[in-house]
Amino acid sequence: TWEAEAAAGRLLGPAREVLGLASVVRGGDRLVHLIPAEIEPEVNAAVRVLYADEALVVVEKPAPLPVHPAGRFCRNTLVHLLNLAVYPDKVRPAHRLDASTTGVMVLTRSRRWAGLVQKQFASGGVRKRYVVRVHGHPGEDEFESRALVNGLPWEAGVRAAEDDEGSLEAHTGFRVVERSGDGTALLEAEPFTGRTNQIRAHLWQLGHPVVGDPFYLPGGKTGMTVTG
């Protein structure tokens with residue numbers, strides 16, 4: 001990646017000179033990476049504030065909307081939008097939520113509160129439950145998955161439920177809420193660990209991928225995009 005950026009003339013040295021592949025850099029040099037102007041992908045910015053005080057901001061995050069700036073997203077993210085609303089405070093998410101997931105998110109308004117609240121999520125002191133519609137009808141009303149989730153993302157930036165080098169322990173419990181006549185089922189999912197894409201990856205591995213998921217597709221197949 002960096003070789004391609006240098007070849008394209010998008011790396012500058014300490015004197016703002018263009019660096020090539022043969023340029024010599026030294027420890028302590030501060031380099032500049034020029035990023036071409038791009039229009040960010042459209043998102044759903046209909047964020048609804050459910051609760052706010054001097055410590056917390058609790059919102060209903062719509063989808064698709066990334067939480068953190070990353071990749072092609074900078075301004076079209078939950079953190080950026082909320083920072084505009086709470087300025088001069090800066091929000092810090094207390095937990096994860098995928099860009100393609102709609103749900104309640106808890107954010108803190110300072111480092112002090114982040115240190116307190118994030119620990120509660122990390123230690124399992126906060127229970128999180130999700131409602132998800134999947135393809136197929138599970139054979140049991142209650143079941144679980146302990147499939148390892150790969151700690152390294154695939155090319156599309158998602159994780160897979162597989163036993164590979166760098167895989168992490170993951171545990172999700174599921175309960176069937178409703179079996180529908182269209183061949184889908186409504187489940188309640190409770191993650192006991194917080195791996196990226198954990199619920200989606202576990203359901204895909206169990207043969208019941210999430211309805212409408214653009215990446216974890218039925219039949220063990222995968223798509224090319226993370227959000228629809």
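Each chain has its residues counted from 1, running along the sequence as written. Thresholds applied to this predicted model are a pLDDT of at least 70 for local features of residues and 80 or more for the giving and counting of side-chain atom pairs; totals over whole chains, interfaces and linings are not thresholded and use all residues. Only hydrogens and water are set aside; all other atoms, that is, all heavy atoms of the structure, feed into the side-chain values.

Section: the overall build of the protein chain
Within the protein chain, the regular secondary structure consists of four helices and twelve strands. Along the three orthogonal principal directions, the C-alpha set of the protein chain runs to about 65 × 45 × 30 Å. Pairs of residues are marked as contacts when any of their non-hydrogen atoms sit within 4.5 Å. Considering only contacts in the protein chain between residues 6 or more positions apart, those separated by 24 or more positions represent 53%. Surface exposure here means Shrake-Rupley accessible area, sampled with a 1.4 Å probe, where a residue is shielded only by the protein chains that are shown. On the protein chain, roughly 13,800 Å² of surface is accessible, and the fraction owed to carbon and sulfur atoms is 52%. The way it works is that DSSP assigns letters per residue, a run of H or I at least four long becomes a helix, a run of E at least two long becomes a strand, and they are numbered from the N terminus.

Quick look at the sheet that holds strand β7 (residues 130-135)
Strand pairing in a sheet takes place through backbone hydrogen bonds and is either antiparallel or parallel in direction. Across the sheet, four strands lie side by side as β7-β12-β11-β8; this open sheet has antiparallel pairing. The strands lining the two open edges of the sheet, one partner per strand, are β7 and β8 (142-145). The average undirected angle you get between the axes of adjacent strands in this sheet is 35°. Helix axes are fitted only over the stretch in contact, all axes being lines through C-alpha atoms; the angle between N-to-C directions runs from 0 to 180 degrees. Strands β7, β8, β11 (172-179) and β12 (184-191) of the sheet are contacted by helix α4 (residues 198-205), whose axis makes an angle of about 70° with β11. When DSSP finds two or more bridges between two strands, those strands count as paired.

Some words on the pattern of salt bridges
Within this document, salt bridges are pairs made up of a side-chain nitrogen of Lys or Arg and a carboxyl oxygen of Asp or Glu, the two lying within 4 Å of each other. Following the criterion strictly, the structure yields eleven salt bridges and no others. Residue Arg10 pairs with Glu5 through a salt bridge whose shortest N-O separation is 2.9 Å. Per-residue accessibility, obtained with a 1.4 Å probe over protein chains only, is compared with the maximum for each type, and a residue is labelled buried under 20%, exposed over 50%, and partly exposed between these values. On the accessibility criterion, Glu5 (13% relative accessible area) is buried. A salt bridge links Arg200 to Asp213; the shortest N-O distance between them is 2.7 Å. Of this pair, Arg200 sits in helix α4 while Asp213 sits in the segment after α4; the two residues are 13 residues apart in sequence, bridging distant segments of the chain. Each of Asp98, Arg200 and Asp213 takes part in a single network of salt bridges with overlapping partners.

Looking at the sheet that holds strand β6 (residues 103-108)
Spatially, β3-β4-β6-β5 is the arrangement adopted by the four strands of the open sheet, whose pairing is antiparallel. The sheet is open, and its two edges are formed by β3 (48-52) and β5 (92-93), each paired on a single side. In this sheet, β6 lies alongside β5 in antiparallel orientation, the contact comprising two bridges. Counted as the bridge partner of Pro93 is Leu107 from β6. Here helix α2 (residues 78-86) sits on the sheet in contact with β4 (56-61), β5 and β6, set at roughly 135° to β4. Of the strands in this sheet, β4, β5 and β6 touch helix α3 (residues 111-122), which is tilted by about 135° from β6.

What to know about the nonpolar core
In terms of nonpolar packing, the biggest core is built from 24 residues, with Leu78, Leu187 and Leu203 touching the most fellow members. Sorting the residues of this core by element identifies β4, α2, β6, β7, β11, β12 and α4 as the ones contributing at least two each. Ranked by the residues each element gives to this core, the list is headed by α2, at four residues. Every residue in contact with Leu78, bar those within four places of it in the chain, is listed here: Val47, Val59, Lys61, Leu65, Pro66, Val67, Met105 and Leu107. Among buried residues, those of type Ala, Val, Leu, Ile, Met, Phe, Trp, Tyr and Cys that are joined through side-chain atoms within 4.5 Å constitute a nonpolar core. Core analysis: the second largest hydrophobic core is formed by five residues, Val58, Val106, Val117 and Phe121 among them.

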